[in-house]
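# A structural walkthrough
Each chain is listed here by its residues.
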Amino acid sequence: MLRAVNDTAERALLRSFQLTVEVDPQYHPNIIGRNGAVISKIRKDHNVQIYFPERYSANDRVITITGHEKDTKAACPTTCTLTPPEGIFLN
């Protein structure tokens, strides 16, 4: 039983890798798509979650991609190609 709990905790930890990308909020709709179709496809294809900040918040440019490290890194270029280069801010 303890082994199963440890395995579950380890899997959850592996799925909690976060990658943040700063994108101008005016381009967020490009990533979301009509009725959420684009973001749903990215989430499904890469097995990640993508979180947008609250509109007009202090960090309204920061999009967070969460999942396994390799999946989040694969989803990032897909997400970034939906935004013109001037809309992406890299740290």
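Data block above holds the structure.
Residues numbered from 1 in each chain as written. Predicted model: local features only at pLDDT ≥ 70, side-chain atom pairs only at ≥ 80, totals over all residues. Heavy atoms only, no water.

With that out of the way, let us pick up the environment of T20. Locating T20 in the fold gives a position in strand β1 (residues 17-23). Along the chain, T20 and R61 lie 41 residues apart, while their C-alpha atoms are 9.7 Å from each other. (Helix = DSSP H or I, 4+ residues; strand = E, 2+ residues; numbered from the N terminus.)

Quick look at the nonpolar core now. Ranked by size, the top nonpolar core spans 13 residues in total, and within it V21, V23, I50 and I65 carry the most contacts. Broken down by secondary-structure element, the contributors of at least two residues to this core are β1, α3 (37-46), β3 (62-67) and α4 (69-80). Top contributing element to this core by residue count: α4, with three residues. (Core = buried A, V, L, I, M, F, W, Y, C linked by side-chain atoms within 4.5 Å. Buried < 20%, exposed > 50% of the residue type's maximum accessible area, 1.4 Å probe, protein only.)

What follows is about the pattern of salt bridges. Applying the stated criterion to the full structure yields three salt bridges. Measuring nitrogen to oxygen at the nearest pair gives 2.8 Å for the salt bridge that ties K73 to E69. Placement of both K73 and E69 in helix α4 is noted, with a separation of four residues, approximately one turn of the helix. The shortest N-O distance in the salt bridge between K70 and D71 comes to 3.1 Å. Classification of K70 as exposed rests on a relative accessible area of 62%. (Salt bridge = Lys/Arg side-chain N within 4 Å of Asp/Glu carboxyl O.)

As a further point, take the layout of surface pockets. When its volume is computed, the largest pocket comes out at roughly 190 Å³. Around the largest pocket, the lining residues are P25, H28, P29, I32, F52, P53, E54, R55, Y56 and D60. Among the residues making up the lining of the largest pocket, the classes are represented as six nonpolar, one polar and three charged. (1 Å grid on protein atoms, 1.4 Å probe; cavity = no way out; pocket = protein on both sides within 12 Å on 5 of 7 lines; lining within 4 Å. Points joined across faces, edges and corners; volume = space filled by probe spheres on them. Nonpolar A, V, L, I, M, F, W, Y, C, P; charged D, E, K, R; others polar.)

Turning our eyes to something else, we now look at the side chain of H28. Along the polypeptide, H28 turns up in helix α2 (residues 28-32). According to the relative accessible area criterion, H28 is buried, its value standing at 9%. Those residues in contact with H28 that sit more than four places away from it in its chain are V23, F52, P53, D60, R61 and I63. (Contact = heavy atoms within 4.5 Å.)

When you tally the buried positions in β3, you get five out of six residues, the bulk of the element. In this sheet, β3 lies alongside β1 in antiparallel orientation, the contact comprising six bridges. Its bridge partner being in β3, F17 is matched across the sheet by G67. Pairing between strand β2 (residues 49-51) and β3: three bridges, direction antiparallel. Looking at the pairing, Y51 lines up with T64 of β3. (Pairing = 2+ DSSP bridges.)

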